[in-house]
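Below are the chains, spelled out letter by letter.
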Amino acid sequence: MAHWLMKSEPDEVSIDDVAAAPAQTVLWFGVRNYQARNFMRDGMRVGDQVLFYHSSCAEPGIAGIVEVASTAFPDPTQFDPASPYYDPKASAAAPRWVSLDVRLVRRCAPLGLKQLRAFPELAAMRLLAKGSRLSVMPVEAAEWDFIAARLGAP
DNA sequence: GCCAACGTTGGC
DNA sequence: GCCAACGTTGGC
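Residues numbered from 1 in each chain as written. Chains lettered and ligands numbered in written order. Predicted model: local features only at pLDDT ≥ 70, side-chain atom pairs only at ≥ 80, totals over all residues. Heavy atoms only, no water.

Moving on: the environment of E121. Relative to the elements of secondary structure, E121 occurs in the loop between helix 3 (113-118) and strand 7 (136-138). What makes E121 partly exposed here is its relative accessible area of 49%. Sequence separation between E121 and A142 is 21 residues; the distance between their C-alpha atoms is 8.9 Å. (Helix = DSSP H or I, 4+ residues; strand = E, 2+ residues; numbered from the N terminus. Buried < 20%, exposed > 50% of the residue type's maximum accessible area, 1.4 Å probe, protein only.)

It is worth spelling out the packing of aromatic side chains at this point. Enumeration over the complete set of coordinates arrives at five aromatic pairs. Look at W28 and F52: their rings are 5.7 Å apart centre to centre, the planes differ by 80°, and that puts the pair in the edge-to-face class. You can see W28 sitting in strand 2 (residues 25-28) and its partner F52 sitting in strand 3 (residues 49-54), a full 24 residues away along the chain. For the pair W28 and F52, one class covers both residues: buried. Summarising the aromatic geometry, the rings of F29 and Y85 are spaced 5.7 Å apart at their centres and angled 80° between planes, so their arrangement reads as edge-to-face. Of the two residues, F29 sits in the loop between strand 2 and helix 2 (34-43) while Y85 sits in the loop between strand 5 (73-74) and strand 6 (98-112), which places them 56 residues apart along the sequence. For R150, the ring lying beneath its charged end belongs to F119, and the centroid distance is 5.8 Å. (Phe/Tyr/Trp six-rings, centres within 6.5 Å; stacked < 30°, edge-to-face > 60°. Lys NZ or Arg CZ within 6 Å of the ring centre and 35° of its normal.)

Moving on, we get to unusual backbone geometry. If a residue is not glycine, its phi is most likely negative; likewise, a peptide bond is most likely trans. Non-glycine residue A23 carries a positive phi angle of around 60°. Its place among the elements puts A23 in the loop between helix 1 (15-20) and strand 2. Assessed through its relative accessible area of 64%, A23 is described here as exposed.

This part covers the protein's contact with DNA strand C. Around DNA strand C, the neighbouring residues are K7, Y53, S55, S56, P60, L113, R133 and L134. Taken together, the sugar and phosphate atoms account for 69% of what DNA strand C places within 4 Å of the protein. Within the backbone of S56, one N or O atom sits 2.9 Å away from a phosphate oxygen of DNA strand C. In terms of residue class, the surface near DNA strand C is built from four nonpolar, two polar and two charged. (Near = heavy atom within 4 Å. Polar contact = N/O pair within 3.5 Å; in protein donor to acceptor, adjacent residues only side chain to side chain. Nonpolar A, V, L, I, M, F, W, Y, C, P; charged D, E, K, R; others polar.)

The next subject is the UniProt feature "domain: EVE" (unreviewed entry) in chain A. Per the UniProt annotation, the sites labelled "domain: EVE" (unreviewed entry) are residues 2-149. The annotated region residues 2-149 carries 20% helix and 30% strand content, and the separation between its end C-alpha atoms amounts to 17 Å. (UniProt positions renumbered as here; feature names shortened; annotations may be inferred.)

The subject of this paragraph is helix 2. Residues three or four positions apart in an α-helix share a direction because the helix packs 3.6 residues into each turn. Here helix 2 has its buried residues at A36, R37, F39 and M40. The buried residues of helix 2 all sit within an arc of 155° when viewed along its axis, so they share a single face. Contact partners of the buried residues in helix 2: strand 1 (3-8), strand 2, strand 6 and strand 7. Its side-chain oxygen 2.9 Å from the backbone nitrogen of Q35, N33 forms the N-cap of helix 2. (Arc of directions from axis to C-beta. Contact = heavy atoms within 4.5 Å.)

The subject of this paragraph is the side chain of E67. Counting through the fold element by element, E67 comes out in strand 4 (residues 61-68). Taking the relative accessible area as the measure of exposure, E67 reaches 18% and is therefore buried. Among the polar contacts made by the side chain of E67, one reaches the side chain of R103 at a distance of 2.7 Å. Among all residues touching E67, those that are not within four sequence positions of it are G47, D48, Q49, D101, V102, R103 and V105.

Attention now moves to the layout of surface pockets. One number sums up the size of the largest pocket: a volume of about 320 Å³. If you go around the largest pocket, you meet 14 residues; those closest to its centre are K7, S8, E9, E12 and Y85. Breaking the lining of the largest pocket down by element, the ones donating at least two residues are strand 1 and strand 2. Of the residues in the lining of the largest pocket, the class split is six nonpolar, five polar and three charged. (1 Å grid on protein atoms, 1.4 Å probe; cavity = no way out; pocket = protein on both sides within 12 Å on 5 of 7 lines; lining within 4 Å. Points joined across faces, edges and corners; volume = space filled by probe spheres on them.)

So, in structure tokens, the structure goes:
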């Protein structure tokens with residue numbers, strides 16, 4: 001089983017939104033970066049565990065754990081001209097972008113970006129690399145174990 | 001709002 | 001295939 005990290009702006013979809021969703025499951029949509037898409041399409045499998053990261057907000061950091069609940073399928077927003085994620089170059093016959101479902105595993109006490117940076121054990125984490133902007137990325141097993149052991153109750 | 005870093009686009 | 005221009009991300 002692989003481990004991942006996904007960024008979401010809490011103004012759009014927060015960990016609380018996942019918790020409040022039917023079956024505590026939400027559609028992960030709007031990824032428009034090829035590297036992130038490839039991780040979703042080629043790497044993510046049902047049951048994989050995912051750190052849910054809040055970005056572009058007052059307190060960026062890890063907010064909980066979700067799990068992959070479906071394999072990838074075409075992201076419906078790419079076909080919707082009314083959506084901000086509309087991609088005129090995508091078609092039903094040749095979709096470009098994928099979505100998948102994620103389900104809540106648990107919320108946690110926020111583990112902030114500043115705290116993450118303070119752990120020497122996490123110095124090599126992709127999330128913390130200079131200029132890292134990927135919204136979907138793998139997490140090494142050792143990094144996962146280290147972080148999971150430090151997630152408090154919400 | 002600023003700005004560094006990065007990805008994408010498009011002219012050549 | 002190069003690379004400048006542009007757009008986006010995301011922390012601060």
